[in-house]
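These are the residues of each chain, in order.
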Amino acid sequence: MQQAIINFLAFLPDWLEIIVVSAIPVVELRGAIPLAILAYDMPYLQAYFLGVLGSIIPAPLILMFIPAILKWMSGTKVFGKMANWIIAKGMKKSDKLTQYEFWGLFLFVAIPLPGTGVWTGCLAASLIGLDFKHSMISVALGSATAGIIVTALVAGGLSLF
């Protein structure tokens, strides 16, 4: 999959490609930072900043518009099942967010594991109605922390070789 993304975005400058890759759901900065360092030989700090920047670009759009989009989708035959699946996925991740709000969202985004990250965190935050400003700050800090973790893991892995 990584090679398919690289081929698809090959016309972009490397720095912009990393921003775009880190804005893609599921991949986010967990895939963009290693790509920047390992495939493009970018310095760690540059890879980190581009990955974090790209990962938070979609956040305000998700927080503002996803509830209305999902509501519309769920009312259609074509997209109804997909919308219900997305809503269920977002609500499944929302129990701790409801309880701990800012810090719960921060930790959810900060831990770079599959199924966590900016997209899912923003989805859950918007579905349960968390405050926009606090959600944006929490997601940005969480993404920055996840970026540090991913960059450190890549650097640590490279130092073994």
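Structure's up top.
Fair warning: this is a prediction, and the values are worked out from it, not measured in the lab.

Asks: Which residues make up the overall build of the chain, and what values do they have?
Replies: Summing up its helical and strand segments, the chain has nine helices and zero strands in all. In the chain, the order of α-helices and β-strands from amino to carboxyl end is α-α-α-α-α-α-α-α-α. Here the chain has a C-alpha radius of gyration of 16 Å; the compact-globule value for 161 residues is 15 Å, and the two agree. Each principal axis of the C-alpha distribution contributes one length, and for the chain these read about 50 × 35 × 25 Å. Counting over 161 residues, the chain shows a buried share of 42%. In the chain, the proportion of contacts linking residues at least 24 apart, taken out of those at least 6 apart, comes to 69%. Summed over its atoms, the accessible surface of the chain is roughly 9000 Å², and 73% of this surface lies on carbon and sulfur atoms. For the chain, the centre of its 9 positive side-chain charges and the centre of its 7 negative side-chain charges are spaced 16 Å apart.

Asks: Can you explain helix α3 (residues 28–39)? Please cite residues and give values.
Replies: Given a rise of 1.5 Å per residue, twelve residues ought to cover 16 Å, and the 16 Å separating the end C-alpha atoms of α3 matches this to within 8%. When α3 is considered as a whole, its buried residues turn out to be Glu-28, Leu-29, Ala-32, Ile-33, Pro-34, Leu-35, Ala-36 and Ile-37. Backbone geometry just after α3 places Asp-41 at a positive phi near 55 degrees.

Asks: Explain the nonpolar core residue by residue, including any values.
Replies: A general trend in soluble globular proteins is that nonpolar side chains are found buried together. In this structure, Ile-18, Val-21, Leu-29, Ile-33, Met-42 and Ala-47 are the most contacted members of the largest nonpolar core, which totals 20 residues. The element contributing the most residues to this core is α3, with six residues. If we ignore the near neighbours within four places in the chain, the residues touching Ile-33 are Ala-47, Tyr-48, Gly-51, Gly-147, Val-150 and Thr-151. If you look at the next biggest cluster of nonpolar residues, it comprises 19 residues, including Phe-108, Cys-122, Leu-130 and Val-139.

Asks: Please provide a residue-by-residue account of unusual backbone geometry, values included.
Replies: Look at Glu-28: it is not a glycine, yet its phi comes out positive at around 45 degrees. Within the element layout of this structure, Glu-28 appears in helix α3. For Glu-28, a relative accessible area of 4% gives the class buried. With a phi angle near 45 degrees, Glu-101 is a residue other than glycine that sits in the positive phi range. Following the sequence through the fold, Glu-101 ends up in helix α7 (residues 95–110). The exposure class of Glu-101 is partly exposed, given its relative accessible area of 44%.

Asks: Run through a nonpolar patch on the surface, naming residues and quoting values.
Replies: A contiguous nonpolar patch, built from Leu-61, Met-64, Phe-65, Ile-69 and Phe-132 and spanning about 480 Å² of accessible area, is present on the exposed surface. Ranked by residue count, the leading element in the nonpolar patch is helix α5 (residues 59–74), at four residues. For Met-64, the location among the structural elements is in helix α5. Taking relative accessible area as the criterion, Met-64 reaches 46% and is therefore assigned partly exposed.

Reading the values: the criteria
Residues numbered from 1 in each chain as written. Predicted model: local features only at pLDDT ≥ 70, side-chain atom pairs only at ≥ 80, totals over all residues. Heavy atoms only, no water. Helix = DSSP H or I, 4+ residues; strand = E, 2+ residues; numbered from the N terminus. Rg over C-alpha atoms; globule rule 2.2 N^0.38 Å. Buried < 20%, exposed > 50% of the residue type's maximum accessible area, 1.4 Å probe, protein only. Contact = heavy atoms within 4.5 Å. Areas by Shrake-Rupley, 256 points an atom, 1.4 Å probe, with all protein chains shown as cover. Lys, Arg positive; Asp, Glu negative; His and termini not counted. Charge placed at Lys NZ, Arg CZ, Asp CG, Glu CD. Expected span 1.5 Å × (residues − 1). Core = buried A, V, L, I, M, F, W, Y, C linked by side-chain atoms within 4.5 Å. Patch = residues over 30% accessible without salt bridge, like charges linked within 9 Å, V, L, I, M, F, W, Y side chains within 5 Å. Salt bridge = Lys/Arg side-chain N within 4 Å of Asp/Glu carboxyl O.

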